[in-house]
Amino acid sequence: MKLGTKYLAITGTVKSVEMNTYGRVLTGMFEGFGSAGNYGEANIIFSNVTVQDAKGKIVWQGGIAKYGKLLNCPVQLDWTAFTLVSKSLMMSAAGSDPTKLVNAVKSSGGDYHIEAITENPVEMAARLAAIDLIGFIENNLSSGSVR
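The following refers to the structure shown. (Residues numbered from 1 in each chain as written. Predicted model: local features only at pLDDT ≥ 70, side-chain atom pairs only at ≥ 80, totals over all residues. Heavy atoms only, no water.)

## With respect to the overall build of the protein
Part 1: Secondary structure summary: the protein contains three helices and six strands in total.
Part 2: Ordered by position in the sequence, the α and β elements of the protein form the string β-β-β-β-β-α-α-β-α.
Part 3: Relative to its 147 residues, the protein shows a buried fraction of 23%.
Part 4: The contacts in the protein between residues at least 6 apart in sequence include a share of 70% that link residues at least 24 apart.
Part 5: In the form shown here, the protein has an accessible surface area of approximately 9500 Å², with 58% of it arising from carbon and sulfur atoms. (Helix = DSSP H or I, 4+ residues; strand = E, 2+ residues; numbered from the N terminus. Buried < 20%, exposed > 50% of the residue type's maximum accessible area, 1.4 Å probe, protein only. Contact = heavy atoms within 4.5 Å. Areas by Shrake-Rupley, 256 points an atom, 1.4 Å probe, with all protein chains shown as cover.)

As structure tokens, then:
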């Protein structure tokens, strides 16, 4: 990173990335029914982040954790209300017959449609962490303090 005429070395470790998606579930006129929402979210944790100037002096070090959330999840279950009712009837018709029950469970698997994406919540959380890091660097360089 170049700041004015100064160069900085930034190192660190991605400690963890957690991502959850909450798709739209049913399609058609019942779209979204039975869904926990229509978004994706991510938590990202960077550890052992160290920022050094060109002389090796530590400008800042620590960890950063950020959360990102984006609406309109690209994952959708390709079921209509008719599919849901049909699968439910198959399960109840199986009764206690083990063979019918196994076949009903096997046939009830969902088909998912995944749309192309241009952004994701992991990238958003990482960008927010970068913004925080830039703020830490600016504060420490302008005050002359080292953390």
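## Examining the pairing of strand 4 (residues 58–71)
Part 1: Here strand 3 (residues 39–53) runs beside strand 4; their pairing, made up of twelve bridges, is antiparallel. Within the sheet, the bridge partner assigned to isoleucine 44 lies in strand 4 and is lysine 66.
Part 2: Hairpin remark: strand 3 followed by strand 4, antiparallel, with four residues in the connecting loop; positive phi at glycine 56, about 90°. (Pairing = 2+ DSSP bridges.)

## Re the pattern of salt bridges
Part 1: This structure, assessed with the given rule, holds two salt bridges.
Part 2: A salt bridge links lysine 66 to aspartate 132, with the shortest nitrogen-to-oxygen separation between them at 3.0 Å. Placement of the pair is lysine 66 in strand 4 and aspartate 132 in helix 3 (residues 121–143), with a sequence separation of 66 residues.
Part 3: Taking relative accessible area as the criterion, aspartate 132 reaches 26% and is therefore assigned partly exposed. (Salt bridge = Lys/Arg side-chain N within 4 Å of Asp/Glu carboxyl O.)

## Digging into unusual backbone geometry
Part 1: Although it is not a glycine, asparagine 48 adopts a positive phi angle of roughly 50°.
Part 2: Take asparagine 48: it is sitting in strand 3.
Part 3: Residue class for asparagine 48 comes out exposed when judged on its relative accessible area of 58%.
Part 4: The backbone phi angle of asparagine 72 is positive, close to 65°, even though this residue is not glycine.
Part 5: Relative to the helices and strands, asparagine 72 resides in the loop between strand 4 and strand 5 (75–77).
Part 6: The exposure class of asparagine 72 is exposed, given its relative accessible area of 60%.

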